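Residue-level structure breakdown
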Amino acid sequence: MLGAITLLLVYQLVGEVLVQLSGLPVPGPVVGMLLLFVTLLVRGRAPEPLRDTSQQLLSHLSLLFVPAGVGVMLHFGRLGAEWLALAVALVASTVLTIAATALVMRLLQR
Amino acid sequence: MKLTDIWVYLSTSPLLGLTVTLVAYHAAFWLYTKAKLNPLANPVAIAVALLVALLWLTNTPYATYFEGAQFVHFLLGPATVALAVPLYANLERLRKNLLPLSGALLAGSLVAVVSAVGIGWLLGASRESLLSLAPKSVTTPIAMGIAEKLGGLPSLTAVLVVATGILGAVLARGTLNLLRIEDHAVRGFAVGVAAHGIGTARAFQVSETMGAFAGLAMGLNGLLTAFLFPLLVRLWG
């Protein structure tokens, strides 16, 4: 558990440092995720403590969005002015994305 | 010690912000199970509403609350890194369907960003809102990272991402039935690309196959959007 958490933090740290050095506009943790994925590919398996800890962390993933979500209170003014544009964009884009993904996948499966 | 003194003491310590976050989430999750996991009773949305009401009633600034809540917020980073593990576990599925999955991922990822930004722009949304809206189909920790990097508002993104997840979980069945798509692998992948973790949770309630493909789609779309979106922004200028 402690080893796995250390590992995740080390990958995140390496990701952040690489992003700073390269100037890539990609979030550091995403680079860390990619590096961990490549490491697992090379090693050919995921160690059990890492699997357990990741599962623990990800099973409570939605809790982790709450503090940022509460930040919506800082944007009430903006939401009041732009809610219609944002709402229409969200609904239409979600339907279009589902349709496009499903249709292309079915087309390429044949 | 008077009650107000206790309040003055507690309101300056991070303990309170952290504790109310966890308590609100537990309450919201309890309601979610009472609602039989209906996507409209999303626990993040309920917890956020409870906390916003609490801060508003007690006249507490967000910055004060965040001093405590930041300990939870910090875990988004390692959680993002941890997404590599389920992605790796789904590797076999990816290998067997490499062409259809990569084609569908690319199409879905592009349509998600371009349609959201395009429609928002046509309806007059501001540039900051558009940048916060663009990564809405990506799992929250990655989406917030993307928005932050490119000048959006991460907290607005968090809210838009959760709203998208709820919409995807509610609208997927009707959309896919209309298109007469029955294969659970295709249905799951489409929901995962469009509606990340909330869509994936929904897909797992229908079948194991649907859930696994949704989870795979969520991880891949997060990665792809993180690399693709900065390029799109550069093109857009």
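Residues numbered from 1 in each chain as written. Chains lettered and ligands numbered in written order. Predicted model: local features only at pLDDT ≥ 70, side-chain atom pairs only at ≥ 80, totals over all residues. Heavy atoms only, no water.

Here the focus is the overall build of chain B. Each helix and strand counted, chain B has 13 helices and zero strands in total. In chain B, the succession of α and β elements from N to C terminus is α-α-α-α-α-α-α-α-α-α-α-α-α. Here the C-alpha atoms of chain B give a radius of gyration of 19 Å, agreeing with the 18 Å that 2.2 N^0.38 yields for 237 residues. For the C-alpha atoms alone, the extent of chain B along its principal axes is close to 70 × 45 × 35 Å. Split into buried and exposed, the 237 residues of chain B put 54% on the buried side. In chain B, 67% of the contacts between residues at least 6 apart in sequence involve partners at least 24 apart. (Helix = DSSP H or I, 4+ residues; strand = E, 2+ residues; numbered from the N terminus. Rg over C-alpha atoms; globule rule 2.2 N^0.38 Å. Buried < 20%, exposed > 50% of the residue type's maximum accessible area, 1.4 Å probe, protein only. Contact = heavy atoms within 4.5 Å.)

Bringing the interface of chain B and chain A into the picture now. Each partner contributes to the interface: chain B provides 91 residues, whereas chain A provides 69 residues. Taking both sides of the interface into account, the surface hidden between chain B and chain A amounts to around 7,100 Å²; carbon and sulfur atoms contribute 83%. Summed over the shared surface of chain B and chain A, the result is one salt bridge. Close ionic contact of Glu128(B) with Arg78(A) constitutes a salt bridge, the shortest N to O distance being 2.6 Å. The tally of links between chain B and chain A comes to 14 residue pairs in polar contact (both at pLDDT 80 or more). Taken together, the residues that form the side of chain B that touches chain A break down as 66 nonpolar, 19 polar and six charged. (Buried area = accessible area lost by both parts, 1.4 Å probe. Salt bridge = Lys/Arg side-chain N within 4 Å of Asp/Glu carboxyl O. Polar contact = N/O pair within 3.5 Å; in protein donor to acceptor, adjacent residues only side chain to side chain. Nonpolar A, V, L, I, M, F, W, Y, C, P; charged D, E, K, R; others polar.)

Residue and element names in this part refer to chain B. Viewed as axis vectors pointing N to C, helix α11 (residues 154–178) and helix α12 (residues 184–206) meet at an angle of 135°, and their least axial separation amounts to 8 Å. In this view, α11 runs oblique relative to α12, as classed from their interaxial angle. Both α11 and α12 take part in a crossing whose hand is left-handed. Of the residues in α12, those touching α11 at Val 161, Val 162, Thr 164, Gly 165, Ile 166, Gly 168, Ala 169, Ala 172, Arg 173, Leu 176 and Asn 177 are Arg 187, Ala 190, Val 191, Ala 194, Ala 195, His 196, Ile 198, Gly 199 and Arg 202. (Axes fitted to C-alpha atoms, helices over the stretch in contact; angles between N-to-C directions. Parallel < 35°, antiparallel > 145°, perpendicular 65-115°, else oblique. Left-handed = near helix turned anticlockwise from the far one by under 90°.)

Moving on, we get to the side chain of Thr97(A). Within the secondary structure, Thr97(A) sits in helix α5 (residues 76–109). Apart from residues lying up to four places away in sequence, Thr97(A) is in contact with Gly108(B), Val111(B), Ala112(B), Lys136(B), Val193(B) and Ala194(B).

Residue and element names in this part refer to chain B. The phi dihedral of Lys 36 falls on the positive side, at around 55°, and the residue is not glycine. Tracing the sequence through the fold places Lys 36 in the loop between α2 (14–34) and α3 (43–58). By relative accessible area, which is 71% here, Lys 36 ends up exposed. Phi at Leu 37 takes a positive value of approximately 55°, unusual for a residue other than glycine. Along the chain, Leu 37 falls in the loop between α2 and α3.

Mapping Leu103(A) onto the fold places it in helix α5. Discounting residues that sit within four places of it in the chain, Leu103(A) has contacts with Leu179(B) and Ile181(B).

Okay, the confidence of the model for chain B next. All names here are of chain B. Mean pLDDT over chain B: 90, with 99% of residues reaching 70 or higher. Within chain B, no element has a lower average pLDDT than helix α1 (residues 3–11), which sits at 77, and none a higher one than helix α8 (residues 98–122), at 95. With pTM at 0.86, the complex prediction returns an ipTM value of 0.91. (pLDDT = per-residue confidence, 0-100.)

What follows is about α8(B). Count 3.6 residues to each turn of an α-helix, and residues three or four apart come out pointing the same way. The terminal C-alpha atoms of α8(B) lie 35 Å apart, and with 25 residues this matches the ideal 36 Å at 1.5 Å per residue to within 8%. Gly124(B) occupies a position one or two residues after α8(B) and carries a positive phi of about 90°. (Expected span 1.5 Å × (residues − 1).)

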